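So you can see what is in the structure, the chains are spelled out below.
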Amino acid sequence: MKRRLLQILAVILCFASLMTCQILASDTEEGEVMPLWDNIIGVYCEITFEGSTGVAVGSVSTRNVGTEIYARLELYRTHWLFGDTLLNYWTAADYDSVSLGGSFPPTDGQEYKLILEVTTIYNGTEETRTFTDTITYHASDS
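To continue, consider the nonpolar core. With 19 residues, the main nonpolar core has Leu73, Leu75, Leu100, Leu114, Leu116 and Val118 as its most contacted residues. For this core, the elements supplying multiple residues, two or more each, are β3 (40-50), β4 (53-62), β5 (68-77), β7 (97-104) and β8 (111-122). Ignoring any residue separated from it by four or fewer positions in sequence, one finds Leu75 in contact with Ile47, Thr85, Leu86, Leu87, Asn88, Trp90, Phe104, Tyr112, Lys113 and Leu114.

With that out of the way, let us pick up the environment of Tyr137. The topology assignment puts Tyr137 in the segment after β9 (125-136). Tyr137 sits 31 residues away from Pro106 along the chain, and the two C-alpha atoms are 6.8 Å apart.

Across the sheet, four strands lie side by side as β6-β5-β8-β9; this open sheet has antiparallel pairing. Strands with a single pairing partner mark the edges of an open sheet, and in this sheet they are β6 (85-95) and β9. Each neighbouring strand pair of the sheet contributes to a mean axis angle of 10 degrees, computed without reference to strand direction.

What counts and how
Residues numbered from 1 in each chain as written. Predicted model: local features only at pLDDT ≥ 70, side-chain atom pairs only at ≥ 80, totals over all residues. Heavy atoms only, no water. Core = buried A, V, L, I, M, F, W, Y, C linked by side-chain atoms within 4.5 Å. Buried < 20%, exposed > 50% of the residue type's maximum accessible area, 1.4 Å probe, protein only. Helix = DSSP H or I, 4+ residues; strand = E, 2+ residues; numbered from the N terminus. Contact = heavy atoms within 4.5 Å. Pairing = 2+ DSSP bridges. Axes fitted to C-alpha atoms, helices over the stretch in contact; angles between N-to-C directions.

In structure tokens, the structure reads:
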């Protein structure tokens with residue numbers, strides 16, 4: 001009886017863990033998996049370090065020709081006690097694809113967060129998405 005109860009509990013835990021790890025995706029014609037976004041087909045949001053220079057980059061491309069894109073890329077320095085401090089931001093608006101970003105001087109041991117907020121409009125359908133990247137700069141890694 002105790003063994004049977006443990007088996008049932010194990011099945012319930014497996015099912016519960018699978019339900020918390022859902023990823024919304026669809027099957028494309030090419031057999032690849034892609035996110036279920038209406039207008040956005042590709043997004044890139046990343047912080048990298050090249051020596052003693054930090055580089056924040058964001059880009060968005062859309063599925064349909066003539067899609068309006070409004071993007072804002074924000075770079076923050078994070079702190080567990082004082083919260084996030086906005087260091088810089090970049091904005092862009094265009095059709096079909098947008099790339100934006102810039103460089104910054106990082107501080108050793110400091111964590112940085114990049115937030116890309118994107119709004120696309122196609123045929124009256126507006127889609128807003130937010131993407132983030134967080135990384136800590138270590139001068140010894142450069």
